[in-house]
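Architecture at a glance
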Amino acid sequence: MAGGIRIALIPGDGIGREVMAEARPCLDWVRSRGRHLETLDLPLGADHCLATGETLSEATFATLRDTCDGLLFGAVGDPRIPDGHHAEAILLRLRQSLELTVNFRPCLPLLAEQDGGINLEVFRENTEGPYCLQGSTEPGRAVDLAVHTESAVRRLLEAAFQRAAERRRPLVLAHKANVLKHGHGLWVRIFEDLHRAMPEVEARTMHADALLCALVQAPRSFSLIAADNYLGDLISDLSAAFAGGMGMAPSLSWAPHRPYRCAALAEPVHGSAPDIAGQGVANPVGMFLSTALLFRHLGWEAEAADLEDAVARALAAGARTQDLGGTLSTKEMGQAIRSRLGT
Ligand code: NAD
Ligand code: IPM
Ligand code: MN
């Protein structure tokens, strides 16, 4: 990507802020490598919402959409806002309104104690399904509508097929079309359609329930898994376990059709972890690896690879936060990674 790049930083709530503070200096580091990068800090989240009543204003959304190239996001969720409406109004709104259909969640087993032979990537649809926030609570029943559009399903599956073709790895679609005949029926039809167009890709469909059992029993037999928003959410947390847990998993969302200038959002897979927030013990690895995915998306391949390598070398040298059985604080783990970048 030529010219100056503008990235917005949204640390959010809880450990989102703690892990963002550690990854943030990586932006100065890419500048020191000659990249032109401007940053915009946005203190959106529960504190801001409770203090001002504002979640994500139209003006702020328009600024992000039209003046930024990408977003680096921590996590949202706070026990003081139990219905999580601010998280919906910030994170789900960004994903949906920026049409960030493709959510890429790779599992990178970097720990010696994990099975390094696992090579798994989840492609999760990011804007629809039951997460479209259409529903109602009525007397005696509750409804959550799941909407699947042909355009979003096709975009997600095209990205997954392209990746499978590039990597020459097999692709599996997780679905429940045996029950969800309409929505998941559409997924299977489009998947088969794309497979006919790309017969060189080894591709098959699996019922998601059976897939989960097989994934736990034989994770090495899977490579790329595509799924709708709901199943992809669940499968990606399971795949995080193969990398060592929630703190290890990165993600990048993007809009393949680029409807706006802002076409990417990088965020760790984990949430705001209220159970450990404020203790300074969260694992920042997922945040660092998400930052690397954003660098790669921006075309900064060397910087992305060097950052991933710094994380891998810190872990190989034994740097571990408490979720990984170690004793390092978030800051110490951040320092262990950054020192390997020479910062
Ligand atoms: P969570 O991912 O926040 O935490 C699940 C468990 O994993 C907790 O025990 C937590 O301590 C641990 N954990 C998570 N990240 C960790 C890290 N980096 N280092 C060490 N341990 C880590 O999920 P949850 O508890 O279901 O949700 C908490 C809040 O976060 C909720 O409000 C939820 O809606 C929100 N959430 C937000 C996002 C997001 O912003 N992308 C993602 C998931 C959940
Ligand atoms: C995630 C989270 C979110 C999701 C929640 C907080 C809305 O679980 O990013 O995986 O379900 O997408
Ligand atoms: Mn999730």
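The shown structure was predicted, so the numbers you read here are calculated from the model rather than taken from an experiment.

The rules behind the values
- Residues numbered from 1 in each chain as written.
- Chains lettered and ligands numbered in written order.
- Predicted model: local features only at pLDDT ≥ 70, side-chain atom pairs only at ≥ 80, totals over all residues.
- Heavy atoms only, no water.
- Core = buried A, V, L, I, M, F, W, Y, C linked by side-chain atoms within 4.5 Å.
- Buried < 20%, exposed > 50% of the residue type's maximum accessible area, 1.4 Å probe, protein only.
- Helix = DSSP H or I, 4+ residues; strand = E, 2+ residues; numbered from the N terminus.
- Domains from an automatic or database assignment.
- Contact = heavy atoms within 4.5 Å.
- Buried area = accessible area lost by both parts, 1.4 Å probe.
- Salt bridge = Lys/Arg side-chain N within 4 Å of Asp/Glu carboxyl O.

1. Here we look at the nonpolar core
- Core analysis: the largest hydrophobic core is formed by 84 residues, its most contacted members being Phe123, Leu157 and Leu171.
- Looking at this core element by element, the count peaks at eight residues for helix 10 (residues 285-297).
- When residues of this core are assigned to domains, at least three fall in each of domain 1 (1-105 + 246-343) and domain 2 (115-243).
- Here Phe123 is in contact with Val102, Asn103, Phe104, Leu156, Ala159, Ala160, Arg163, Leu224, Ile225, Ala226, Ala227 and Trp254, once residues within four sequence places are set aside.
- Phe73, Ile90, Cys262 and Leu265 belong to the second-largest nonpolar core, a separate cluster that totals 22 residues.

2. Remarks on unusual backbone geometry
- A positive phi angle is found at Leu133, which is not glycine, with a value near 60°.
- Checked against the element boundaries, Leu133 lands in the loop between strand 5 (120-125) and strand 6 (135-138).
- A positive phi is found at Ala273, a non-glycine position, where the angle reads about 45°.
- Turning to its location among the elements, Ala273 is positioned in the loop between strand 12 (264-266) and helix 10.

3. Examining the domain arrangement of the protein chain
- Domain boundaries assigned for the protein chain yield domain 1 (1-105 + 246-343) and domain 2 (115-243).
- For the domain 1 and domain 2 pair, buried surface summed over both sides reaches about 1,700 Å², with 58% attributable to carbon and sulfur atoms.
- Looking at the side of domain 1 facing domain 2, the largest losses of area belong to Thr101, Phe104 and Arg105, adding up to 35% of the total buried there.
- Between Arg105 and Asp233 there is a salt bridge; the shortest N-O distance is 3.9 Å.

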